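# Summary of structural features
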Amino acid sequence: MITRLFLEAEARPRRGWRLAAYLVVLLVAMGAVGSATRGSLVTNVAGHAVVAVVALVVTYGFRRYVDRRPWHPIGLSPWRWRHAATGLTVGAASMLIVFATAWALGWARVSGTELAERGPVAMLVVLGAGLFMYATSAFVQELAFRGYALQTLAEGWPLRRAALVSSLIFAVLHFAEVPTSAWFVLVLLADIMCMAGFFVLTRLSTGALWLAIGFHTTWNWVMDSVLSMDTDAGADYGDALVHIQLHAPEFGLGHGGGVELLYLLNSASLLAGYWLLLRRRRARTMEG
């Protein structure tokens, strides 16, 4: 009875234990590297590079020696530059649309730029470093959740359940602070779940993680490094290229609550739009 609780028929740990162990090992390793490399911009960039390598090694080790499954289904091979380029473009465009909407509603106002303080050369360095760090962060998150977690759960569960659970874990781990209200929890959870669902669809439709990695990279990069659209950016605008003041209604969500609702609308639109696109493609294929 106890053996069946922990082991599957193939004498490997049950998928829930494997996934829990994987996430614990990955988070501890990332935390250790992050603590050791925290400091200057150079050490932060180096730390992000090391974290990406560590995540790849940990994922490969679990996949081959704990799961005893082939590596290919994780979604990193082969390299598909067109998918990555599409993701980079759509991710940046989506964030710019959110900003344009907030600006049109009077919820966002440009108050200046970081160029006045740093100059163009230093700003290019900062933007380039930010792009690299967000790319490595996106790589790690997609590898962990749309790669290992989704694949591990889907090898024993229906795909929809695997997608829902892996997305829920992804969303919960994004709550870095104590939520201000139940309404905020609901909105943020729905936002991240919709975005995760969109990433899952890109993973399934393309057979790889590259589109999701590209989107994830520029979405966060444009939000934080190009536009200071993070509602917690602070008085220094997060050192972003463009300084943006947010004056959105709170809607019971706290500062920038209206912007959080725009993020939810954006994520839901991406999920619904891509799902409809895939359905139309499948219908045309069946008709052909």
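Now for a look at the structure at hand. Just so you know, these numbers come straight off a predicted model, no measurement behind them. (Residues numbered from 1 in each chain as written. Predicted model: local features only at pLDDT ≥ 70, side-chain atom pairs only at ≥ 80, totals over all residues. Heavy atoms only, no water.)

### Some remarks on the nonpolar core
Of all hydrophobic cores here, the largest spans 41 residues; its most connected members are L19, Y22, L76, F139, L143 and I213. Of all the secondary-structure elements, those providing two or more residues to this core are α2 (15-37), α3 (41-66), α6 (120-154), α7 (159-172), α8 (182-206) and α9 (210-226). For this core, the element with the most residues is α6, which contributes 10 residues. Discounting chain neighbours no more than four positions away, the residues touching L76 are L56, W71, F139, L143, L209, W210 and I213. One finds M95, M123, M195 and F198 within the second-largest nonpolar core, a separate group that totals 32 residues. (Core = buried A, V, L, I, M, F, W, Y, C linked by side-chain atoms within 4.5 Å. Buried < 20%, exposed > 50% of the residue type's maximum accessible area, 1.4 Å probe, protein only. Helix = DSSP H or I, 4+ residues; strand = E, 2+ residues; numbered from the N terminus. Contact = heavy atoms within 4.5 Å.)

### Focus: a nonpolar patch on the surface
On the surface, a nonpolar cluster with roughly 280 Å² of combined accessible area is contributed by F6, L7 and W17. Topologically, W17 is positioned in helix α2. In this structure W17 comes out as partly exposed when scored by relative accessible area, which is 44%. (Patch = residues over 30% accessible without salt bridge, like charges linked within 9 Å, V, L, I, M, F, W, Y side chains within 5 Å. Areas by Shrake-Rupley, 256 points an atom, 1.4 Å probe, with all protein chains shown as cover. Salt bridge = Lys/Arg side-chain N within 4 Å of Asp/Glu carboxyl O.)

### Focus on the packing of aromatic side chains
This model, assessed by the stated rule, comprises 13 aromatic pairs. Taking 6.1 Å as the distance between ring centres and 15° as the angle between the ring planes, the aromatic pair formed by F215 and W219 counts as stacked. Linking F215 with W219, this pair stays in helix α9, spanning four residues, or about one helical turn. Ring pairing ties together the aromatic residues F198, F199, F215, W219, Y263 and Y274, which thus form one cluster. (Phe/Tyr/Trp six-rings, centres within 6.5 Å; stacked < 30°, edge-to-face > 60°.)

### Topic: the packing of α6 against α8
Where α6 meets α8, the axes come as close as 11 Å, and the angle between the chain directions of the two elements is 70°. Between α6 and α8, the angle is such that the two are roughly perpendicular. Pair α6 / α8 crosses with right-handed handedness. Every residue of α8 that contacts α6 at E142, R146, L150 and Q151 is listed here: A196, F199, V200 and R203. (Axes fitted to C-alpha atoms, helices over the stretch in contact; angles between N-to-C directions. Parallel < 35°, antiparallel > 145°, perpendicular 65-115°, else oblique. Left-handed = near helix turned anticlockwise from the far one by under 90°.)

### Comments concerning the side chain of R12
Looking at the secondary structure, you find R12 in the loop between α1 (2-6) and α2. Discounting residues that sit within four places of it in the chain, R12 has contacts with F6, L7, R18, V66, D67, R68 and R69.

### Some thoughts on α6
Here α6 spans 48 Å end to end across 35 residues, near enough to the 51 Å set by a 1.5 Å rise per residue. Maximal helix bending in α6 amounts to about 30°, located at L143. (Expected span 1.5 Å × (residues − 1). Bend = angle between axes of the 7 residues up to and from the residue.)

### Details of the pattern of salt bridges
Tallied over the full model, the rule gives six salt bridges. Note that R18 and D67 form a salt bridge whose closest N and O atoms lie 3.2 Å from each other. Of this pair, R18 sits in helix α2 while D67 is found in the loop between α3 and α4 (81-104), placing the two residues 49 residues apart along the sequence. Here E142 and R146 are joined by a salt bridge, their closest N and O atoms 2.8 Å apart.

### Quick notes on unusual backbone geometry
A cis geometry characterises the amide bond from S77 onward to P78, with omega recorded as 0°. By the secondary structure assignment, P78 is in the loop between α3 and α4. Of note in the backbone geometry, R68 takes a positive phi value of approximately 55° without being a glycine.

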